[in-house]
Amino acid sequence: GAGVSQSPSNKVTEKGKDVELRCDPISGHTALYWYRQSLGQGLEFLIYFQGNSAPDKSGLPSDRFSAERTGGSVSTLTIQRTQQEDSAVYLCASSELAGMGQFFGPGTRLTVL
Amino acid sequence: GIQVEQSPPDLILQEGANSTLRCNFSDSVNNLQWFHQNPWGQLINLFYIPSGTKQNGRLSATTVATERYSLLYISSSQTTDSGVYFCAVEPRDSSYKLIFGSGTRLLVRP
């Protein structure tokens, strides 16, 4: 596609529920990234995919967070048993290759009640 | 880990004024990007600038990698320039993740 797209744009959920966030990268981009933006922590790196593999998961805050990428394209970030501190904007980015300029999607605003 | 500091944290300008935003980083980097986050939250790429100077319309950026800083110049500011400007670097030891500064919040008044 023309740009990175994410869905849903907004998600409100109750504490303890699972959520799935989706990212469609720019067509042909092999590298995909997830970041989180929250008031207290600013913009922080979560995970990076090169193709379908995730060489670096070090930014995932806890084992409740997981992500996968299939077909070298779409990625899903899953948060299990959501907590209020998970409330944030989750941003996805892609780049042609790792180390090249990253282009960001519009984000998913997650609110955990 | 690498530290990225941006200054000033907040800036108010009258439309038509010029400004300079600064980004300092604490260690060697592979690359540096400048972004503008608009009021709707979208991060817009401004520059991919590991070193040297680039210009795009009223904006230009300079990175001096040996001295570990980058500058973003905004000339003849417009109200649409309002938002938050982020500097982000790729550390040498992990050239895929971006480490973001805390941003400069700019308000341009008509």
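For the structure itself, consult the block above.
Reading the values: the criteria
Residues numbered from 1 in each chain as written. Chains lettered and ligands numbered in written order. Predicted model: local features only at pLDDT ≥ 70, side-chain atom pairs only at ≥ 80, totals over all residues. Heavy atoms only, no water. Helix = DSSP H or I, 4+ residues; strand = E, 2+ residues; numbered from the N terminus. Rg over C-alpha atoms; globule rule 2.2 N^0.38 Å. Buried < 20%, exposed > 50% of the residue type's maximum accessible area, 1.4 Å probe, protein only. Pairing = 2+ DSSP bridges. Axes fitted to C-alpha atoms, helices over the stretch in contact; angles between N-to-C directions. Contact = heavy atoms within 4.5 Å. Buried area = accessible area lost by both parts, 1.4 Å probe. Salt bridge = Lys/Arg side-chain N within 4 Å of Asp/Glu carboxyl O. Nonpolar A, V, L, I, M, F, W, Y, C, P; charged D, E, K, R; others polar. Disulfide = S-S within 2.5 Å.

Participant: Explain the overall build of chain B here, please?
Facilitator: When helices and strands are counted, chain B shows zero helices and 11 strands. Counting helices and strands in the order they occur from the N terminus, chain B gives β-β-β-β-β-β-β-β-β-β-β. Scaling as 2.2 N^0.38, a compact globule of 110 residues should have a C-alpha radius of gyration of about 13 Å, and chain B matches this with 13 Å. Considering only C-alpha atoms, chain B reaches an extent of 45 × 25 × 20 Å along its principal axes. For chain B, buried positions account for 49% of its 110 residues.

Participant: Mind showing me how you'd approach the sheet that holds strand 7 (residues 65–69) of chain A here?
Facilitator: Strand pairing in a sheet relies on backbone hydrogen bonds. The paired strands run either parallel or antiparallel. Residue and element names in this part refer to chain A. Taken in spatial order, the four strands make up an open sheet running 1-3-8-7, and their pairing is antiparallel. The open sheet has two edge strands with one neighbour each: strand 1 (5–7) and strand 7. Pairs of neighbouring strands in the sheet enclose a mean axial angle of 15 degrees, with direction left out of account. In this sheet, strand 8 (residues 75–79) lies alongside strand 7 in antiparallel orientation, the contact comprising five bridges. Each bridged residue has a counterpart across the sheet, and for Ser66 the counterpart in strand 8 is Thr78.

Participant: What is the right way to look at the interface of chain B and chain A in this model?
Facilitator: If you look at the interface, chain B gives 15 residues, while chain A gives 18 residues. For the pairing of chain B and chain A, the buried interface totals around 1400 Å² over both sides, and the portion due to carbon and sulfur atoms is 53%. One can count one salt bridge joining chain B with chain A. Elements that contribute at least two residues to the side of chain B that touches chain A include exactly strand 4 (29–37), strand 5 (43–48) and strand 9 (83–91) of chain B. Looking at the side of chain B that touches chain A, the element that brings in the most residues is strand 4 of chain B, giving four residues. A class-by-class count of the residues in the side of chain B that touches chain A yields seven nonpolar, six polar and two charged.

Participant: Just to check I follow, could you spell out the state of the cysteines for this structure?
Facilitator: Covalent bonding between the sulfur atoms of two cysteines is what defines a disulfide. Counted according to the given criterion, the structure contains two disulfides over all chains. Through a disulfide, Cys23 of chain A is tied to Cys92 of chain A; the S-S separation comes to 1.9 Å. Because the torsion about its S-S bond is -65 degrees, the bridge between Cys23 of chain A and Cys92 of chain A counts as left-handed. You can see Cys23 of chain A sitting in strand 3 (residues 19–24) and its partner Cys92 of chain A sitting in strand 9 (residues 88–95), a full 69 residues away along the chain. An identical accessibility class is assigned to Cys23 of chain A and Cys92 of chain A; each is buried. In this model Cys23 of chain B forms its disulfide with Cys87 of chain B; the gap between the sulfur atoms is 2.0 Å. Disulfide Cys23 of chain B to Cys87 of chain B: torsion about the S-S bond roughly -55 degrees, handedness left-handed. Residue Cys23 of chain B is found in strand 3 (residues 19–25), and its partner Cys87 of chain B is found in strand 9; the two are separated by 64 residues along the sequence. Cys87 of chain B matches Cys23 of chain B in its accessibility class, with the two residues each being buried.

Participant: Would you mind showing me how to read the pattern of salt bridges here?
Facilitator: Oppositely charged side chains may form a pair once their charged atoms are brought near each other. Per the counting criterion, the structure on display carries five salt bridges over all chains. In this structure, the salt-bridge partner of Asp24 of chain A is Arg22 of chain A, at a minimum N-O distance of 3.0 Å. The partner of Asp81 of chain B in a salt bridge is Arg58 of chain B, and the shortest N-O contact between them spans 2.8 Å. Residue Asp81 of chain B is found in the loop between strand 8 (69–74) and strand 9, and its partner Arg58 of chain B is found in the loop between strand 6 (52–56) and strand 7 (59–64); the two are separated by 23 residues along the sequence. Overall, the relative accessible area of 26% leaves Arg58 of chain B in the partly exposed class.

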